[in-house]
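Chains, contacts and geometry: an overview
Given next are the chains, with one letter for each unit.
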Amino acid sequence: MLGNSKKMLGQFTGQRSPIFIFALVVLFWTIFDSTMQYITPLLIEERGFSKSMIGLIIGTSSMTGAAFDFLICKLFKSTNFRRIFLVMFAICFMYPLLLWQAHTVWLFLLAMAVWGIYFDLYGFGTFNFIGRYTKKANHSASFGIVQIFRALGGILAPLIIGFVIINQVDWRSFMLSLVFLVVGFIFFIVLVIQMRKHRMVGERYFNQPRRKNLFIEVHLWKKLGKLMMPVLVMTFYLFFIEAFFWTLAPLYAETTDLNQFGGLFLAAYTLPALIVGWLIDPLTRRFGKKRTAFTSLFLGSLILSTFIYLPNSLVAIIVVFIASAFISMALPAINAAYADYIFEAPQVEGEIEGLEDFSFNIGYVLGPMLAGLLADMFSIAAAFSLLGFLGAIVALVLLIITPKHIIIKTQPSEL
């Protein structure tokens, strides 16, 4: 395993690939984004809103993102990642200023819309960069490197901001997030300069003719959706869990005796993603991709369901870490299943990716909403337990009903 990692790094460094500079852009941008994600529920609560309203407000960001998905390809058709990221950074600089000034529901909803748009631009720009400027053989490794730096940013952000927020969210939190955004933008400028030496090597994903008939697209989505329903449900619930945690974890940390170490609770949830990734390949080879994903979700959710009975915050951190270690195995395993479907039926690659992204957005819409509602109806601890209980049921049902092989037809006309 270590030998393969060294070989991969050698390939990239030998080619003087700009992927590592791009990964640094992602790292500092992620620290900014995750810092703002940590601040947002706390600030909304301080402005007098209930946890139910916090969930509803945050959930609208992904509604905007889902709507923006239909426009982004037309707005940035045949463009370069430079323009996409330049627009993204410009909008990112606006977001903290808009959020700080928000005191009413409408201003918070506007801020969430801005958040949803710049997050979509990040995803589109990342795909654009890797598809155009890395070789096809290095696509998986490139996405892997970006994911590692993104996960690292998600771990560092709550730890850093936890030391800044003591009693309430103030201007220092926003200034700190902007500092990381500026550093990310500086690396982006360095990347743009570096890219002058590199030519585009991958145009496959950007010059494919697209089906323009709306009715054909709807038909394909319907047929593929039925075939892929188990993995789409899995994707939905994994991002439902992620959105749930990012909504309630900062609020939970503020109610415990963790004080400036409150960021440890969210870091315990995000850290396993960096560790367990190395175990996925041998597990999926032995047990299969879908079974590995469903079993991992079942075990992690079962552990999380005990949350309400935990005696103190330190034990809660340990239990969340163990639960997340299992749940974190599910996403790369199920993503590998999507890769198989795309390999089997490249003609419907766009539809498969669209369905996956739609499941992601629905998870991020409903996750915060249900998180806030359950926290108000019961308690934050009870909400986490219910999340685990529901996850165990979902995983068990998927284990029972999912066929061993899901075969995607090779031609769109066969669907």
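From a predicted model like this one, the values you see are computed outputs, not experimental measurements. Each chain carries its own residue numbering, running from 1 in the written order of its sequence. With pLDDT at 70 or above as the cut-off, local features in this predicted model cover only qualifying residues; side-chain atom pairs require 80 or more to be listed or tallied, and sums for whole chains, interfaces and linings still use all residues. Computation of side-chain values: all heavy atoms of the structure, hydrogens and water removed.

Topic: the packing of helix 13 (residues 289-304) against helix 14 (residues 313-344)
For clarity, the cut-off: Under this scheme, a helix contributes an axis fitted over its contacting stretch, all axes are lines through C-alpha atoms, and angles between N-to-C directions fall in the 0 to 180 degree range. A run of H or I in DSSP counts as a helix once it spans at least four residues, and a run of E counts as a strand once it spans at least two, with each numbered from the N terminus. What sets the label is the angle itself: under 35 degrees gives roughly parallel, over 145 gives roughly antiparallel, 65 to 115 gives roughly perpendicular, and the rest give oblique. Each crossing gets its hand from how the near helix is turned against the far one by less than a right angle, where anticlockwise is left-handed and clockwise is right-handed. For this scheme, ten residues count as nonpolar: Ala, Val, Leu, Ile, Met, Phe, Trp, Tyr, Cys and Pro. Four count as charged, namely Asp, Glu, Lys and Arg, and the remainder, Gly too, count as polar.
Two elements in contact, helix 13 and helix 14, have axes separated by 7 Å at closest approach and are oriented at 160 degrees. Taken as axis vectors, helix 13 and helix 14 run roughly antiparallel relative to one another. Of the two possible hands of crossing, helix 13 and helix 14 adopt the one that is left-handed. Across the contact of helix 13 with helix 14, the residue classes tally to 17 nonpolar, 4 polar and 3 charged.

What about the nonpolar core?
In plain terms, the rule: Grouping buried Ala, Val, Leu, Ile, Met, Phe, Trp, Tyr and Cys residues that are joined through side-chain atoms within 4.5 Å yields what is termed a nonpolar core. Buried, partly exposed and exposed residues are distinguished by accessible area as a fraction of the type maximum, computed with a 1.4 Å probe on protein chains only: under 20%, between the cut-offs, and over 50%, respectively. Residues are treated as being in contact if the distance between any of their heavy atoms lies within 4.5 Å.
Formed by 124 residues in total, the largest nonpolar core has its most connected members in F265 and F384. Excluding anything up to four places from it in sequence, F384 contacts F244, F245, L248, A249, Y252, F265, L304 and F307.

Points about the side chain of T30
Within the secondary structure layout, T30 lies in helix 2 (residues 19-46). In contact with T30, not counting residues within four places along its chain, are T35, R150, G153 and G154.

Some words on the environment of L310
Residue position: L310 is located in the loop between helix 13 and helix 14. For L310, a relative accessible area of 21% translates into the label partly exposed. Taking the C-alpha atoms as reference points, L310 and A381, separated by 71 residues in sequence, lie 8.8 Å from one another. If we ignore the near neighbours within four places in the chain, the residues touching L310 are V315, A316 and V319.

Focus on the environment of L355
By the secondary structure assignment, L355 is in helix 15 (residues 349-377). Assessed through its relative accessible area of 7%, L355 is described here as buried. Here the alpha-carbon distance between L355 and M229, two residues 126 residues apart in the chain, equals 9.8 Å. In this structure, L355 is in contact with W221, L224, G225 and L232, ignoring residues within four places of it in sequence.

Regarding a nonpolar patch on the surface
We count it as follows: Distance thresholds for patches are 9 Å for like charges and 5 Å for nonpolar side chains (Val, Leu, Ile, Met, Phe, Trp, Tyr), applied to residues having over 30% relative accessible area and no salt bridge. Accessible surface area values rest on a Shrake-Rupley calculation with a 1.4 Å probe, where residue burial reflects the displayed protein chains alone. The term salt bridge refers to a pairing of a side-chain nitrogen on Lys or Arg with a carboxyl oxygen on Asp or Glu at a separation within 4 Å.
Nonpolar side chains collect at one region of the surface, where L271, I275, L314, I318, F321 and I322 lie side by side and expose about 500 Å² of accessible area between them. With 4 residues, the single largest contributor to the nonpolar patch is helix 14. With respect to the element layout, L271 can be found in the loop between helix 10 (263-270) and helix 11 (272-275). Under the relative-accessibility criterion, L271 is labelled partly exposed at 30%.

Section: the pattern of salt bridges
Summed over all chains, the structure comprises 1 salt bridge. Two residues, E45 and K51, come together in a salt bridge whose shortest N-O distance is 3.6 Å. Residue class for E45 comes out partly exposed when judged on its relative accessible area of 31%. Judged by its relative accessible area of 21%, K51 is partly exposed.

Digging into the packing of aromatic side chains
Stated precisely, the cut-off is as follows: Planes of paired rings set the category: under 30 degrees apart is stacked, over 60 is edge-to-face and the rest tilted, where pairs are Phe, Tyr or Trp rings (Trp by its six-membered ring) whose centres lie within 6.5 Å.
Per the stated rule, a full pass over the model turns up 39 aromatic pairs. Ring centres of F119 and Y122 lie 6.3 Å apart, and the angle between their planes is 50 degrees; this geometry places the pair in the tilted category. Taken as a pair, F119 and Y122 lie in helix 5 (residues 105-133) at a separation of 3 residues, close to a single helical turn. Given a relative accessible area of 7%, Y122 falls into the buried group. With a centroid separation of 5.7 Å and 45 degrees between ring planes, the pair formed by F236 and F240 is classed as tilted.

Concerning the confidence of the model for the chain
Operational definition: The predictor reports its confidence for every residue as pLDDT, a score running from 0 up to 100.
The predicted model of the chain averages 81 in pLDDT, with 81% of residues at 70 or higher. Across the chain, the element-wise mean pLDDT spans from 46 in helix 1 (residues 2-14) up to 95 in helix 16 (residues 380-401). Counting interchain partners and residues more than four positions distant, the pLDDT-below-50 stretch residues 1-16 has 19 contacts. Confidence drops under pLDDT 50 across residues 202-208; counting only partners more than four residues distant or on other chains, this segment forms 14 contacts.

What to know about the packing of helix 10 against helix 14
The contact between helix 10 and helix 14 brings their axes to 7 Å, and the two run at 20 degrees. Here helix 10 is positioned roughly parallel relative to helix 14, judged by the angle of their axes. The two elements helix 10 and helix 14 cross, and the hand of that crossing is right-handed. Two secondary-structure elements touch here, helix 10 through L264, F265, A268 and Y269 and helix 14 through A316, I317, V320, F321 and S324.

Looking at helix 2
For clarity, the threshold we go by: Given a helix with a known number of residues, its expected span is that number minus one, times 1.5 Å. Two axes enter the bend calculation: one fitted to the seven residues ending at the residue in question, the other to the seven starting there, and the bend is the angle between them.
With 28 residues, helix 2 should cover 40 Å at 1.5 Å per step; its first-to-last C-alpha distance of 40 Å lies within 8% of that length. The largest bend in helix 2 amounts to roughly 30 degrees and is located at T40, with the proline P41 lying one to four residues further along. Among the 28 residues of helix 2, 24 are classified as buried, and the element is accordingly described as predominantly covered.

Some remarks on the side chain of D33
Basically, it comes down to this: Charged residues are defined here as Lys and Arg on the positive side and Asp and Glu on the negative side; His and the ends of the chain fall outside this count. Whenever two N or O atoms come within 3.5 Å, that pair is a polar contact, provided that in protein one can donate a hydrogen and the other can accept it, and provided that, for residues adjacent in sequence, both atoms are side-chain atoms.
Here D33 shows up in helix 2. No salt bridge is formed by the buried D33, whose closest oppositely charged neighbour, R150, lies at an N-O distance of 4.3 Å. In terms of polar contacts, D33 uses its side chain to reach the side chain of W115, at 3.2 Å. Dropping the residues within four chain positions of it, D33 is found in contact with W115, Y118, F119 and R150.

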